[in-house]
Amino acid sequence: TTIQDLIQITPEDFEKPSAQAIKDAINEKYANKVLQKVGLCICMWDLLEASEGLIGHGTGLVNVNVECRMVVFRPFRGEIIQGKIKDSDEKGITIDLDFTCEVYVPGSNLPSNSSFDRAEGVWVWHSEETDLYFDKGEMVRLRIEQEFWEDQGPGMKEGEEEEEGEEVRSSYTILGSMAHSGLGPALWWEGVEGEEGEEEGGEPMEE
């Protein structure tokens, strides 16, 4: 996404090349931040335009008007993504994508005939043949179903509680599903995918 903004460069960064100082200032302001209805900013992709720096009166900060493009994470509905199971509870499964853990698969979006094993702390799919476990740390595939935005007030941080006692929800949460064939732990489907490939392409080619 393209962003236009006024950024400030501190005197400590004056020794850096101008382009690097501007890039660092942009990443410090936007990287790992959620822009409402835009997505989770990862890092600056490129700098499109920058004005000459003007020193602010009494502060020593250099003000620069910039236009840049940011790498943003916002998967579309129906997209298949891959992540690791971070944690599970009776409500569902939390997915870790390395750069965010705000991806959640509720129990209702797991395969039918699935239940939560309190003793093991994992969800189990009771298939016709055997019990299959959604183990912690397992690499899984899931489909994006919904996204939720929470416009937080000034100075509020995720996990803090409001005066009413309600916990502040994450700025950006993604809801996924693992209820369809091919989704869930990748190990479940490795043999099936190999068989399908042979059926579609005929006999395997000899090396």
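The name recorded for the protein chain in an unreviewed UniProt entry is DNA-directed RNA polymerase subunit, from Delitschia confertaspora ATCC 74209. The Function (unreviewed entry) comment attached to the protein chain in UniProt states, word for word, "DNA-dependent RNA polymerase which catalyzes the transcription of DNA into RNA using the four ribonucleoside triphosphates as substrates." Under Subcellular location (unreviewed entry), UniProt gives the following word-for-word description of the protein chain: "Nucleus".

Caption draft 1: Seen up close, the pairing of strand E12 (residues 139–149). For strand E6 (residues 80–88) and E12, the ladder comprises five bridges, and the chain directions are antiparallel. Note on E12: the bridge partner recorded for Ile80 is Arg143. Direction of pairing for E12 relative to strand E14 (residues 184–185): antiparallel, over a ladder of two bridges. Bridge pairing links Arg141 to Gly184 in E14.

Caption draft 2: Representation of the pairing of strand E5 (residues 62–73) within the structure. Both strand E1 (residues 2–9) and E5 contribute to a ladder of eight bridges, which runs antiparallel. Its bridge partner being in E5, Thr2 is matched across the sheet by Arg69. The pairing of strand E3 (residues 39–50) with E5 spans eight bridges and is antiparallel. When the sheet's bridge partners are listed, Asp46 is paired in E5 with Arg69. Note that strand E4 (residues 54–55) and E5 share two bridges and pair antiparallel. Paired with Ile55 across the two strands is Val62, which belongs to E5. Between E4 and E5, which pair antiparallel one after the other, the connecting turn spans six residues, and Gly58 there sits at a positive phi close to 80°.

Caption draft 3: Representation of the nonpolar core. Formed by 23 residues in total, the largest nonpolar core has its most connected members in Ile93, Ile95, Leu110, Phe134, Leu142 and Met178. Elements with a contribution of two residues or more to this core: E6, strand E7 (92–96), strand E8 (103–106), strand E10 (122–126), E12, strand E13 (172–177) and helix H2 (186–201). For this core, the element with the most residues is E12, which contributes four residues. Discounting residues that sit within four places of it in the chain, Met178 has contacts with Ile93, Val105, Asn109, Leu110, Pro111, Phe134, Val140, Arg141, Leu142, Leu183 and Gly184. Residues Cys41, Val62, Val64 and Met70 belong to the second largest nonpolar core, which totals 15 residues.

Caption draft 4: Spotlight on unusual backbone geometry. Even without being glycine, Asn32 reaches a positive phi, approximately 65°. Residue Asn32 is classed as exposed on the basis of its relative accessible area of 58%. A positive phi is found at Lys37, a non-glycine position, where the angle reads about 65°. The topology assignment puts Lys37 in the loop between strand E2 (34–35) and E3. Relative accessible area serves as the criterion here: at 55%, Lys37 is assigned to the exposed category.

Caption draft 5: Broad picture of helix H1 (residues 18–30). For H1, built from 13 residues, the straight-helix expectation of 18 Å at 1.5 Å per residue is met to within 8% by its first-to-last C-alpha distance of 18 Å. For H1, the set of buried residues is Ala21, Ile22, Ala25, Ile26, Asn27 and Tyr30. On its buried side, H1 packs onto E1, E2, E3 and E5. At the exit of H1 stands Asn32, carrying a positive phi of roughly 65°.

Reading guide: rules and limits
- Per chain, residue numbering runs from 1 following the sequence as it is written.
- Local features in this predicted model are restricted to residues whose pLDDT is 70 or higher, and side-chain atom pairs enter the listing and the counts only when it is 80 or higher, whereas totals over whole chains, interfaces and linings include all residues.
- As a rule here, side-chain values come from all non-hydrogen atoms in the structure, and water together with hydrogens is ignored.
- UniProt positions are given in the numbering used here, feature names are shortened, and annotations may be inferred rather than shown by experiment.
- Two strands pair if DSSP finds at least two bridges between them.
- Counting from the N terminus, the helices are the DSSP runs of H or I reaching at least four residues and the strands are the DSSP runs of E reaching at least two.
- For this analysis, a nonpolar core means a set of buried residues of the types Ala, Val, Leu, Ile, Met, Phe, Trp, Tyr and Cys, connected via side-chain atoms within 4.5 Å.
- To sort residues, take the accessible area from a 1.4 Å probe on protein chains only and compare it with the maximum for the residue type: under 20% means buried, over 50% means exposed, and anything in between is partly exposed.
- Any pair of residues with heavy atoms lying within 4.5 Å of one another is described as a contacting pair.
- Helices are assigned an expected span. That span is 1.5 Å times one less than the residue count.

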